[in-house]
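# Architecture at a glance
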Amino acid sequence: MRPAQPVTLEGHGVRLEPLTRDHHDGLVDAARDGELWKLWFTSVPGPEQAHAYISAALAGQEAGHMLPWVVRELATGRIAGSTRYHDIVPAAGRVEIGYTWYARRWQRSHVNTACKLLLLAHAFEALGCAVVGLRTDNFNFASQRAIEALGARCDGVLRHHAPRPDGTVRDTVMYSILSAEWRDVRRHLELRLARHA
């Protein structure tokens, strides 16, 4: 697996821009659309947490186990949300895609499919990953449906796995896509985007 370095990814109406502190206000505006930080099973920053959220993401990038982006919807030029690679394990050829959220106006639109296609293509084709993982809270049913709709397979549930922002502890539903499955997953995602267009 090649090193995961900050890179801009663009296509299908979205651009993934490497996260910087200059994105603060755009992220705050995106999170306000739906007051996403009030969803107890997600980790979306409220306006007062945005600086710390960006700092933690950039610290993870500096440490080599994260690669964060903001998602820009190109038709409007507005920041739609954020996503990142995390738990990067070069020796296993593994990255996970997560910390993903979108402003309410772009939920159930083409944005998530477009972002996942760009992120998966970069992981498998540019970085040479053997597997890409995804995970979500056991109560985040919308996220589970979205991950399954990508073509990822459920690997199982890690019980009492990780703390939520409110101090409770979640079960984590784990998914993955193997490099051998990427060709079919890519075809599936491209067809979904073509239908949207």
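Up top is the structure.
Residues numbered from 1 in each chain as written. Predicted model: local features only at pLDDT ≥ 70, side-chain atom pairs only at ≥ 80, totals over all residues. Heavy atoms only, no water.

## Description of the pairing of strand S2 (residues 14-18)
Of the strand pairs in this sheet, strand S1 (residues 9-11) and S2 are connected by 3 bridges, and their pairing is antiparallel. Among the inter-strand pairings, Glu10 is bridged to a residue of S2, identified as Arg15. Between S1 and S2, which pair antiparallel one after the other, the connecting turn spans 2 residues, and His12 there sits at a positive phi close to 55°. Pairing of S2 with strand S3 (residues 66-73), which is carried by 5 bridges, proceeds in the antiparallel orientation. From the neighbouring strand, Pro18 faces S3, where its bridge partner is Trp69. (Pairing = 2+ DSSP bridges. Helix = DSSP H or I, 4+ residues; strand = E, 2+ residues; numbered from the N terminus.)

## Some details on the pattern of salt bridges
Counted by the stated rule, this structure contains 14 salt bridges. The partner of Arg94 in a salt bridge is Glu96, and the shortest N-O contact between them spans 3.4 Å. Its relative accessible area of 3% is what places Glu96 among the buried residues. (Salt bridge = Lys/Arg side-chain N within 4 Å of Asp/Glu carboxyl O. Buried < 20%, exposed > 50% of the residue type's maximum accessible area, 1.4 Å probe, protein only.)

## Some points on the pairing of S3
Along S3, 8 of the 8 residues are buried, which leaves the element largely enclosed by surrounding structure. Of the two faces of S3, the one carrying Met66, Pro68, Val70 and Arg72 and the one carrying Leu67, Trp69, Val71 and Glu73 are both buried. Where S3 lies against strand S4 (residues 78-89), 8 bridges are found, and the strand directions are antiparallel. The residue bridging Pro68 from the neighbouring strand is Arg84, located in S4.

From the geometry alone we can't say anything about function, so treat these as descriptive.
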